[in-house]
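An overview of the molecular structure
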Amino acid sequence: MSSSSPGPAARAGPVSCPGPAAHAGVLPWVNWLRELLDLLGIARQEEEPSVWRLTLRDEEARLFGLRHAQTLLWVLDPDRLSAYPQAELVMPGSERFRRLLDLARRRSRLARLFLPPPVPDPHVPGPHAGGAGPPAGGDTGAGDLRLCPVAVFFFQVERTRPSPVQSSDLLLDVAVDLLSGETRPRAWSTSWKELPWQEEAPPWPPRERRRLGFRAAFQQAAAAARDLLATTLLRGDVSRFEHETRKRQAEEELIHAYFDSLAREERALRREEERRHHLLEVDRRHPLVLDGRLVSLLLLWRPLIVKGETFPPGVAAAVRRRE
Amino acid sequence: MATLPPASTGLLTSWPPITVPIMTFTLPGWAPAPSPPRPERWTAAEPLFPRVCPSTPAAVASTAPRPGPPPGPAGALAAWKVRWSRTDFAAILNQLRHGLFDPLRWWRLGQQTYEDWCLPLPGEGNLLVTRFLSDRFRRAGVVLYPHQLATVRRVISDLGGRALLADEVGLGKTIEAALILREYQLREGISRILILVPSSLVWQWYRELSDKFGLFPVLQRTAFDWQRPGVILASLDTAKRAEHRDILESLEWDLVIVDEAHRLKNERTLNWQLVNRLRKRYLLLLTATPVQNDLKELFNLVRLLHPGGWGTWSSFRRRFLSPDGRNPRDEQAAASLQRLLAQTMIRHRHGPETVILPPRHVHRIDVHLREDEWQLYDAVRGWVRRIYRERGYLDAHVFALLTLEREICSSPAAAALTLARITRTDPGDPQVFAALQVLLQQGFGSKLQSLVHLIRSLDRQLVVFTEYVASQAQILSILRQAGIAAFPFDGSMRPGRKEWVKRMFEQRGQVLVSTESGGEGINLQFCNTLVNYDLPWNPMRVEQRIGRLHRLGQTRPVEIYNLVTVGTVEEHIFYLLHEKIRLFENVVGELDGILGTRSGLEQFQRSLFTILVDWPGARQGRQALDVLAQSLLAAARERRREPGRELTPGLLGKKAIPP
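Residues numbered from 1 in each chain as written. Chains lettered and ligands numbered in written order. Predicted model: local features only at pLDDT ≥ 70, side-chain atom pairs only at ≥ 80, totals over all residues. Heavy atoms only, no water.

Points about the overall build of chain A
- The helix and strand inventory of chain A stands at nine helices and ten strands.
- Residue pairs at least 24 apart in sequence account for 64% of intrachain contacts in chain A once pairs closer than 6 positions are excluded. (Helix = DSSP H or I, 4+ residues; strand = E, 2+ residues; numbered from the N terminus. Contact = heavy atoms within 4.5 Å.)

Section: the overall build of chain B
- The helix and strand tally for chain B stands at 27 helices and 18 strands.
- Looking at chain B residue by residue over its 659 residues, the buried ones come to 58%.
- In chain B, once contacts between residues fewer than 6 apart in sequence are set aside, the share between residues at least 24 apart is 75%. (Buried < 20%, exposed > 50% of the residue type's maximum accessible area, 1.4 Å probe, protein only.)

Some details on the packing of aromatic side chains
Residue and element names in this part refer to chain B.
- Under the criterion given, the structure shown has 24 aromatic pairs over all chains.
- Plain terms: the ring middles of Phe299 and Phe316 are 5.2 Å apart, the flat faces sit at 40° to each other, and that makes the pair tilted. Placement of the pair is Phe299 in helix H12 (residues 295-305) and Phe316 in helix H13 (residues 313-320), with a sequence separation of 17 residues.
- Its relative accessible area of 1% is what places Phe316 among the buried residues. (Phe/Tyr/Trp six-rings, centres within 6.5 Å; stacked < 30°, edge-to-face > 60°.)

Considering the pairing of strand E11 (residues 279-286) of chain B
Residues and elements named next belong to chain B.
- Burial analysis of E11 places seven of its eight residues in the buried class, which makes it a mostly covered element.
- Pairing analysis gives four bridges linking strand E6 (residues 162-165) to E11, with the strands arranged parallel. When the bridges of E11 are listed, Ala163 appears paired with Leu284.
- Strand direction decides the pairing type here: strand E10 (residues 252-258) and E11, joined by six bridges, are parallel. (Pairing = 2+ DSSP bridges.)

With respect to the sheet that holds strand E12 (residues 345-346) of chain B
- In spatial order, the strands read E8-E9-E7-E10-E11-E6-E12 (chain B); together these seven strands make up an open sheet with parallel pairing. The open sheet is flanked by strand E8 (218-219) and E12 of chain B, the only strands paired with a single partner.
- Sheet topology note: the E8 of chain B/strand E9 (residues 230-235) of chain B ladder contains two bridges and is parallel. In the sheet register, Leu219 of chain B faces E9 of chain B, and the bridge partner there is Leu233 of chain B.
- Sheet contacts for helix H8 (residues 272-285) of chain A: E6, E10 and E11 of chain B; angle to E11 of chain B, the most-contacted strand, approximately 90°.
- Strand contacts of helix H8 (residues 202-213) of chain B: strand E7 (192-197), E8, E9, E10 and E11 of chain B, with the helix running at about 155° to E9 of chain B, the strand carrying the most contacts. (Axes fitted to C-alpha atoms, helices over the stretch in contact; angles between N-to-C directions.)

What to know about the environment of Leu270 of chain B
All names here are of chain B.
- Among the structural elements, Leu270 can be located in helix H11 (residues 270-277).
- Counting along the chain gives 31 residues from Leu270 to Ala239, while the straight-line C-alpha distance between them is 9.8 Å.
- Ignoring anything within four residues of it in the chain, the contact list for Leu270 reads Lys240 and Arg245.

Quick notes on a positive patch on the surface
- On the surface, a cluster of positive charge is contributed by Arg215 of chain A together with Arg41, Arg86 and Arg97 of chain B.
- Within the secondary structure, Arg215 of chain A is located in helix H6 (residues 214-235). (Patch = residues over 30% accessible without salt bridge, like charges linked within 9 Å, V, L, I, M, F, W, Y side chains within 5 Å. Areas by Shrake-Rupley, 256 points an atom, 1.4 Å probe, with all protein chains shown as cover. Salt bridge = Lys/Arg side-chain N within 4 Å of Asp/Glu carboxyl O. Lys, Arg positive; Asp, Glu negative; His and termini not counted. Charge placed at Lys NZ, Arg CZ, Asp CG, Glu CD.)

As for helix H20 (residues 469-481) of chain B
Residues and elements named next belong to chain B.
- Given a rise of 1.5 Å per residue, 13 residues ought to cover 18 Å, and the 18 Å separating the end C-alpha atoms of H20 matches this to within 8%.
- For H20, every residue scored as buried is listed here: Ala470, Ser471, Gln472, Gln474, Ile475, Leu476, Ile478 and Leu479.
- Turning to H20, the residues buried within the fold contact helix H16 (396-410), helix H17 (412-422), helix H19 (446-458), strand E14 (462-466), strand E15 (486-489) and strand E16 (511-515).
- The first or second residue beyond H20 is Gly483, which carries a positive phi of 75°. (Expected span 1.5 Å × (residues − 1).)

Some points on the sheet that holds strand E4 (residues 88-89) of chain A
Residues and elements named next belong to chain A.
- Ordered by their spatial adjacency, four strands build an open sheet running E1-E2-E3-E4, and the pairing between neighbours is mixed. Of all the strands in the sheet, the pair left with one neighbour each is strand E1 (43-48) and E4.
- Note: E1 against strand E2 (residues 51-56), five bridges, orientation antiparallel. Bridged to Glu48 within E2 is Val51.

Topic: the nonpolar core
- By size, the foremost hydrophobic cluster in this structure holds 76 residues, and its most contacted members are Trp32, Leu33 and Trp74 of chain A together with Ile195, Trp205, Ile257 and Leu284 of chain B.
- Not counting residues up to four positions away in its chain, the partners in contact with Leu33 of chain A are Trp52, Trp74, Leu76, Val90, Phe97 and Leu100 of chain A.
- Of all hydrophobic cores here, the second largest spans 61 residues; its members include Leu404, Val432, Val501 and Leu512 of chain B. (Core = buried A, V, L, I, M, F, W, Y, C linked by side-chain atoms within 4.5 Å.)

Observations concerning unusual backbone geometry
Residue and element names in this part refer to chain B.
- With phi around 50°, Glu260 is a residue other than glycine that occupies positive phi space.
- Looking at the secondary structure, you find Glu260 in the loop between E10 and H11.
- By relative accessible area, Glu260 is classed as partly exposed at 25%.
- The phi dihedral of Asp459 is positive, around 55°, even though this residue is not glycine.
- Locating Asp459 in the fold gives a position in the loop between H19 and E14.
- Looking at Asp459, the relative accessible area reads 60%, which means it is exposed.

Re the pattern of salt bridges
- Evaluated as defined, the whole model comprises 48 salt bridges over all chains.
- Here Lys447 of chain B and Glu570 of chain B are joined by a salt bridge, their closest N and O atoms 2.8 Å apart. Residue Lys447 of chain B is found in helix H19, and its partner Glu570 of chain B is found in helix H23 (residues 569-580); the two are separated by 123 residues along the sequence.
- Judged by relative accessible area, which is 4%, Glu570 of chain B ranks as buried.
- In the salt-bridge network here, residues are joined through shared partners; they are Arg34, Asp38, Arg44 and Glu46 of chain A.

Re the environment of Leu417 of chain B
Residues and elements named next belong to chain B.
- Take Leu417: it is sitting in helix H17.
- Here Leu417 falls in the exposed class, since its relative accessible area comes to 54%.
- Remark: the alpha-carbon pair of Leu417 and Leu404, spanning 13 residues in sequence, is separated by 9.2 Å.

Side note on the packing of H6 of chain A against helix H2 (residues 87-97) of chain B
- In the contact formed by H6 of chain A and H2 of chain B, the axes pass within 11 Å of each other and the chain directions differ by 145°. Both H6 of chain A and H2 of chain B take part in a crossing whose hand is right-handed. Here Phe214, Arg215 and Phe218 of chain A of H6 of chain A come into contact with H2 of chain B, specifically with Phe89, Leu93, Leu96 and Arg97 of chain B.
- Residue composition of the contact of H6 of chain A with H2 of chain B, grouped by class: five nonpolar, no polar and two charged. (Left-handed = near helix turned anticlockwise from the far one by under 90°. Nonpolar A, V, L, I, M, F, W, Y, C, P; charged D, E, K, R; others polar.)

Remarks on the environment of Leu294 of chain A
- Relative to the helices and strands, Leu294 of chain A is located in strand E10 (residues 289-305).
- Leu294 of chain A gets classed as buried once you look at its relative accessible area, which sits at 1%.
- Expressed as a C-alpha distance, the spacing of Leu294 of chain A and Gln156 of chain A, which sit 138 residues apart in the sequence, is 6.4 Å.
- If sequence neighbours within four positions are ignored, Leu294 of chain A has contacts with Phe153, Phe154, Phe155 and Phe218 of chain A together with Asp88, Phe89 and Ile92 of chain B.

Quick look at the side chain of Glu571 of chain B
Residue and element names in this part refer to chain B.
- Within the fold, Glu571 resides in helix H23.
- Separated by 2.9 Å, the side chains of Glu571 and Arg364 make a polar contact.
- If near-sequence neighbours (up to four positions away) are discounted, Glu571 is found in contact with Arg364, Val564, Thr565, Val566 and Arg622. (Polar contact = N/O pair within 3.5 Å; in protein donor to acceptor, adjacent residues only side chain to side chain.)

Things to note about the pairing of strand E17 (residues 529-532) of chain B
All names here are of chain B.
- Across the two faces of E17 the burial is the same, with Thr529 and Val531 and Leu530 and Asn532 all buried.
- Both E14 and E17 contribute to a ladder of three bridges, which runs parallel. Each residue of the ladder has a partner; that of Val464, found in E17, is Val531.
- In this view, the connection linking E17 to its parallel neighbour strand E18 (residues 558-565) by way of helix H22 (residues 539-549) has right-handed handedness. (Right-handed = clockwise from strand over helix to strand, strands pointing away.)

As for the confidence of the model for chain B
All names here are of chain B.
- Confidence in the prediction of chain B, expressed as mean pLDDT, is 78, and 80% of residues score 70 or more.
- This model gives residues 1-37 a pLDDT under 50, and the stretch forms 80 contacts once residues within four places in sequence are excluded.
- Considering only residues more than four positions removed or in separate chains, one finds that residues 51-67, a stretch of pLDDT under 50, has 28 contacts. (pLDDT = per-residue confidence, 0-100.)

Considering H13 of chain B
Residues and elements named next belong to chain B.
- Turning to H13, its buried residues are Trp313, Phe316 and Phe320. Along the axis of H13, the buried positions cluster into a sector of 65°, meaning they face one direction only. Seen from the buried face of H13, the exposed residues on the opposite side, beyond 90 degrees, are Arg318 and Arg319.
- Packing partners of the buried residues in H13 comprise H12 and helix H14 (331-342). (Arc of directions from axis to C-beta.)

Side note on the confidence of the model for chain A
Residues and elements named next belong to chain A.
- When pLDDT is averaged across chain A, the result is 77; 75% of the residues are at 70 or more.
- The least confident element of chain A is helix H1 (residues 8-12), whose mean pLDDT is 30; the most confident is strand E5 (residues 110-114), at 94.
- Contacts of residues 1-24 to residues separated by more than four positions or lying in other chains number 38 contacts, the stretch itself having pLDDT below 50.
- Note on residues 127-142: pLDDT under 50 across the span, and 28 contacts to partners over four residues away in sequence or across chains.

Laid out in structure tokens, this is it:
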């Protein structure tokens, strides 16, 4: 098993990242930018709070589409641009920022997390509780504690556009148990993300093998996401959708009425092709379509008692407490 | 495999009993190169609410009126569909197969990118383009006017990206269209943009887009260029040719911009049919004269934007127009029509609410010919009249001789070239040859000396316009001898060279010496002084010269110096243009409609030449010029009263639309 992202981030391997609160009073995206540059290992000098000088080495320069090492001057506030006419404006909406978002998204599509069992490894003899030495293979008799896989699919749903520059109309998460196949929409966002997940695999207990393939899990998740989407939209403000629907409908009716009238007035002319052409234009202008795309997948390993409940006293009690 | 008892208990929640293989999750230990990005693959779009709306036929496939959605929130969403991309899943699966897990810190960073803060969400009235291009505008010296920003807001938020931009000349329609283009690029990332312009304006558009907006459009040269991504800039005449038309109609366009859109006023033309058949999402039509003759022209333009928006022509005519079909039927119909028009067209007029250009100050600099120059001028004038008397009418030869007469007022060198051409068919007048020979040996004429004196006294950056290339060469020569930094600008230059000269003049030069054809389309607002070294007798050409400097972006009064050779044909032309037509002070309005046409211009020239050749004496000549000017102005007033023209102030609004 390997964690594969190259670069300084992989070498550093920290588990937690500082949130926006780390720099109180600063806009969240500025903190995000700092974190990104730290992960990329790019040295920066903050000449002013909103003026950064970046020193890129050869390999880092390539990330920015440059051939050789060089220095970049970024201004994060458009009002400061006049003082630094040679600088580049970087802020949400700018081309550079969009590329950085893309970079971050490309490097964060797949992660794996483990939830350690609430008790220490019973196989390892020692003074700690539960280290009584159960039978080999992690079998605790009638009960068996295992790590079981759950895939959490994150879907982004947005309005169809020629090429979405920036949008996150909705981010939906659907967990699919790869053993049972059960789906749980919103499980991650509502509760699981608060649990003490860790990146390193615990030495104990052993892992179960998944029973459900990822393709099947994805299909299940997409179906669940569609239902979740419908529910979510219905609970929210649908006036935007209503407005768009009616606008499109009005335009279509206008075109139908127009070509029907033309057909009556100019009997000799066949204008069906033109009618279709203009309806297609309306369809392109007001597409009543939502695009869903999988943006990332989180593979979770959670402890689960897979056989009975006969555990060493310490283990069973701790499992129930956590539950 | 091990079967679990029903009483299994999960740690997170209770999960149903399952059978699991007791094996660890193994991953291969090698890391292949990441696969290249694949094109997007989508599943078929499915109804969002299959039970509510079991089958929603594609709108494009159906020609029957669609049933309205059922009431309530679910009804609003019933027509919506959702489709899923398979591409991203395939990429993630590939990554998973190779065990390429991203570190948690990266993953969290990526999750944050879906937060709201990463969106540059513009408010209802906010524009991204002013936020992100402010620095570029500052560097390029672009000043955005409130009416331009209002146009962009309105097109984006109210008109759905389809509009007729009909601002009066000089109010910056090009800037407005480019702002809308950039705004859509920033908001929606539109990538297929087609700009169709008259061929004479292709380079002007290129310069505007590249200098001011950082857009470097693809100049269409081959059929392959249509398919290139980004902004394609092409001439409308090229686009409508059969070999290009088919390609254009097969492509999808996010935005189509058509400049000088009055060329689309007739539905039977190839121009109109091409734009109608383009598969476009947004459409901007730019013209200062949406109505030239009758309302059908406007109807046809609106039909391109919103087919059926005004019904069919016959129903529109019945509802709004008088029996002759040219004017609104009554005031009520005019008001209704104006309301309809406001849903499609944006028109701003010159005035306090838009732009008031700085004033023009006109100066006359008298030039007195020397004795030897007079000898040549008199010899040529005698020759012209003799030929005219012999023939009894104006023909090409008399025209050429009149040109020669004017050229002598400009420079002997210019006259020498024309004289050489004339003598191919006419043995010529020996007096003329002798006088010219003397003059050419004298060196620079008195007008050139006056010019140098004027430039030295003004001591500022200025543009000198002349009609003749030979005069241009002499001007440059004498200015360089006088140590004045001067640059030539003429129609023979390639666009790149022109651009370079313009920049050199702006940064280092004092004088730009331009011919008529060289000055077309060039914007020189950074300079506010113009010298008419000689005067064309077409008033529109004078206006075009002034328009290079006196346009949007000019912040200082424009000083116009006219070098007038006293007692020659030039003085009469100046009298007509300045004192009678008041051309220099007033922006040409209705004269454009008269002298802008070939027949109108020919008629004007013929009348003027007849007066000049017949010139019986100072007093009678002036009277004849007065009559000509009065008839020209009367024609302009009459034109303003024509039914089609009346629509402009009446229907299109005395104020901007919307007010």
